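# Understanding the architecture of this molecule
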Amino acid sequence: MTAPATDNMLERRWPEAGIHQVPYWIYTDPGIYQREMERIFCGKSWNYVALGAEVPNPGDYKRSWVGDRPVVVTRDQDGEINVVVNRCAHRGVQFCKQNYGNTKEFICPYHQWTYDLKGNLIGVPLRRGIKKKGGMPDDFRREEHGLDILKVHNHNGAIFATFDHNTEPYKDFLGETIYGYMDRVFDGRELKILGNSRQLIPSNWKLMFENLKDPYHATLLHVFLISFGLFRGDMKSASVMDESGRHAALVNRRGEQRANQGTAEMTRMNENYSLSDPRLLQPEKEYDGDVTVVMQTLWPNLIMQQQSNSLAMRHIIPRGPENFELAWTFFGYADDDEEMDRRRLRQANLMGPAGLVSIDDSEVLKMSQDSIAFYPEEDGLYEMGGRGTEDHDHIVTETAIRAFYKVYREVMRL
Amino acid sequence: MSKLLLDPILRFEVEDLYSEYADVLDTEQFERWPELFTEDAFYDVIPRENYERDMPLAIMRCESRAMMQDRVRAIRETLMFEPRYIRHLISSIRITSEDDGTLSVTANYAVLETLTDEMTKILNAGRYVDRLVRENEEFRFKEKRCVYDSSVVPNSLVYPV
């Protein structure tokens, strides 16, 4: 299984120890990055691309990405969602540059090749030449030169796409547990988009997944969260995965703002912290059960956030080995009243490029990359909660990171 | 344009508020930042795309001076971030209208950011869309919306814009 990656200048070998040691070269090597694009993002995986509510009407479109490859998500005249590659079949121009819009067709500006919203090529100017001179060969068939089309799955408004039309069905890909958590938020109710934000984090994309698969850091790094009991190690919690281990969910319950044995080592906790305007944090229960936080990491490019009433899709878009974009879409439900809208908008202060919690993460990710880039031969250590990949009913564990790298090594053949 | 809006004293007063605003943030006197607002003021930092599409989501949103004070306290006490300097460049300040003592003002801004090992870069560029009122003789922001063009934020936006 430990085959060298031959497309690199240096021979890359995973540490003998296994998945609890992760070599730093996977965060910087351009050859590894290319292989990730081909095998992980463009391989047999369902990639998150958009919410259906972002393209509510026939003719609506939104630019998006699968891995680092530009695509366009469209809603055609039949009301169906399509995902097409944003690359003209003629000479490769990225024909769609408006992030959102409504159109009947896409016209490439270069030679005006024209496509419908399903990606079919419907017009090629001067195809028959001028006065019988020039033009395309007689055997040119328009239907053979449409845009590349991805296979689409719509999970009650969450849109996923795959380049490989033989990818297993979406439900099987997620597995029962993770499908259940997705279905908890995407339960069929109509969604309401609150808005988007984007940030470019100067680190490898996998460090973002590691961050969300590691509940242990949240209880130490995020003083804001722990001080208000929004995520605490002493609360009943879990780190659970699908059978393969590629997806994970961190599940937590809101704790009290009170020190106890479990918080003794959270040295940065401030139990006397209080807000001048408590409206920032006045969560209202909206799902069955006592779970208040579910952070899902879906292979290969999505973090689905439910932190109290803050619902957001965090779309990971790799931008080379040492950068990735995090594109956030905050949303609620169409039947939310004004008070719930405001509650979600206030709680959005915790997350995003200026988030009172997430700044800690974007900053620490950069600080990781700032250092590991210079030590490709060194390894990271992932032994919290043992060396296995089983589910845990606590948060003092890095099990979901180990499980991620188990799958990563298989897919990448490393 | 009405005579009032052309009043040089008024214009100096308004410009002075913006100069003070920049100075307070750039010199990291964050505790003074909320004092430049009225108690019930609204402040947000919102991507231009959301603003123009009537989507309310902002990356920073304070619905009162108290929420601004909470933001400042988080900067001081809970947030973990690399050391940095910021520098506000504010220009083209325009008083666009006056209604019962409330001035509508727009201005262009660019916020530069300097991290310890890096060249100075533009952190955020956009337009202030503000409403000003007098409080104890001095102008204060009743509403300040920082509508930014720079759709992709370079890593984190820690300090107010």
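Think of each chain on its own: its residues are numbered from 1, step by step along the sequence as written. All chains are assigned letters beginning at A, and all ligands numbers beginning at 1, according to the order in which they are written. This being a predicted model, a pLDDT of at least 70 is required before a residue's local features are given, and a value of 80 or more before pairs of side-chain atoms are given or counted; all residues contribute to the totals for chains, interfaces and linings.

### Overview of the overall build of chain A
For the purposes of this entry, the term helix denotes a DSSP run of H or I that reaches at least four residues, the term strand denotes a run of E that reaches at least two, and both are numbered from the N terminus. From N to C terminus, chain A includes eight helices and 19 strands. Based on C-alpha atoms, the radius of gyration is set beside the globule rule, defined as 2.2 Å times the residue count to the power 0.38. In summary, chain A has a C-alpha radius of gyration of 23 Å against a globular reference of 22 Å for 414 residues, a match within 12%. For chain A, the spread of C-alpha atoms along the principal axes amounts to about 85 × 55 × 35 Å. Taking all 414 residues of chain A together, the buried fraction comes to 48%. Contact criterion: two residues are in contact if their C-beta atoms, reconstructed from the backbone, are within 7 Å. A sequence separation of at least 24 residues applies to 64% of the contacts in chain A between residues at least 6 apart. Residue burial here comes from a neighbour count, namely the number of other C-beta atoms, placed from the backbone, that lie within 10 Å of the residue's own C-beta, with 20 or more meaning buried, 12 or fewer meaning exposed, and in between meaning partly exposed.

### Observations concerning the environment of phenylalanine 140 of chain A
Residues and elements named next belong to chain A. Along the polypeptide, phenylalanine 140 turns up in the loop between strand 9 (121-123) and strand 10 (149-155). The class for phenylalanine 140 is exposed, based on 12 C-beta atoms found within 10 Å. Separated by 265 residues in sequence, phenylalanine 140 and tyrosine 405 place their C-alpha atoms 46 Å apart.

### Let's talk about the confidence of the model for chain B
Close inspection of predicted coordinates is inappropriate in any region flagged by low pLDDT. For chain B, the average pLDDT comes to 96, and 99% of its residues sit at 70 or higher. For this predicted complex, the interface confidence comes out at an ipTM of 0.96, alongside a pTM of 0.95. The predictor rates its confidence in each residue with pLDDT, a number between 0 and 100.

### Things to note about the sheet that holds strand 4 (residues 69-75) of chain A
All names here are of chain A. With respect to topology, seven strands assemble into an open sheet ordered 2-11-10-5-4-3-6, the strand pairing being antiparallel. The open sheet terminates on both sides in strands that have one partner only, identified here as strand 2 (47-51) and strand 6 (100-102). Taken pair by pair, the neighbouring strands of this sheet meet at an average axis angle of 30°, ignoring direction. DSSP-based pairing: two strands are paired if at least 2 bridges between them are found. Where strand 3 (residues 60-66) lies against strand 6, three bridges are found, and the strand directions are antiparallel. Counted as the bridge partner of tyrosine 61 is glycine 101 from strand 6. Structural elements are reduced to axes, namely lines fitted to C-alpha atoms, with helices fitted over the stretch in contact, and the angle between N-to-C directions of any two is expressed from 0 to 180 degrees.

### What about the sheet that holds strand 3 (residues 84-99) of chain B?
Residues and elements named next belong to chain B. Overall, mixed pairing links the six strands, which are arranged 2-1-6-5-4-3 in an open sheet. The open sheet terminates on both sides in strands that have one partner only, identified here as strand 2 (60-62) and strand 3. Across this sheet, the average inter-strand angle for adjacent strands is 20°, counted without regard to direction. In the packing of helix 3 (residues 65-78) onto the sheet, contacts are made with strand 1 (37-47) and strand 2, and the angle to strand 1 comes to roughly 60°.

### Some details on the domain arrangement of chain A
Residues and elements named next belong to chain A. An automatic or database domain assignment is the source of the domain bounds shown. Considered domain by domain, chain A is made up of domain 1 (47-155) and domain 2 (190-412). Measuring from the centre of the C-alpha atoms in domain 1 to the corresponding centre in domain 2 gives 35 Å. On the domain 2 side, the residues contacting the eight residues of domain 1 number 14 residues.

### Topic: the interface of chain B and chain A
Each side of the interface is counted separately: chain B has 30 residues, and chain A has 36 residues. At the level of secondary structure, the elements contributing two or more residues to the side of chain B that touches chain A comprise strand 1, helix 2 (48-52), strand 2, helix 3 and strand 7 (152-154) of chain B. Amino acid classes used here: Ala, Val, Leu, Ile, Met, Phe, Trp, Tyr, Cys and Pro are nonpolar; Asp, Glu, Lys and Arg are charged; the rest, including Gly, are polar. Looking at the side of chain B that touches chain A, its residues break down into 18 nonpolar, seven polar and five charged. As paired strands, strand 12 (residues 191-201) of chain A and strand 7 of chain B are joined by three bridges and run parallel to one another. Across the sheet, arginine 198 of chain A pairs through a bridge with valine 152 of chain B, a residue of strand 7 of chain B.

### Considering the environment of phenylalanine 37 of chain B
Residue and element names in this part refer to chain B. Within the secondary structure, phenylalanine 37 is located in strand 1. Take phenylalanine 37: there are 21 C-beta atoms within 10 Å of it, and that puts it in the buried class. For the pair phenylalanine 37 and glutamate 135, spaced 98 residues apart in the sequence, the C-alpha separation amounts to 9.5 Å. Apart from the residues lying within four places of it in its own chain, the contact partners of phenylalanine 37 are Tyr43, Arg65, Met68, Arg140 and Phe141.

### Focus on unusual backbone geometry
Most peptide bonds adopt trans geometry, and most residues besides glycine take a negative phi value. The peptide bond linking tryptophan 299 of chain A to proline 300 of chain A adopts the cis configuration, its omega dihedral lying at 0°. If you trace the backbone, proline 300 of chain A turns up in the loop between strand 15 (293-298) and strand 16 (302-307). Notably, asparagine 156 of chain A is not glycine yet its phi reads approximately 45°, a positive angle. Considering the arrangement of structural elements, one finds asparagine 156 of chain A in the loop between strand 10 and strand 11 (158-162). Exposure remark for asparagine 156 of chain A: the 14 C-beta atoms within 10 Å place this residue in the partly exposed category. You will see that aspartate 100 of chain B, though not glycine, has its phi angle at about 50°, which is positive.

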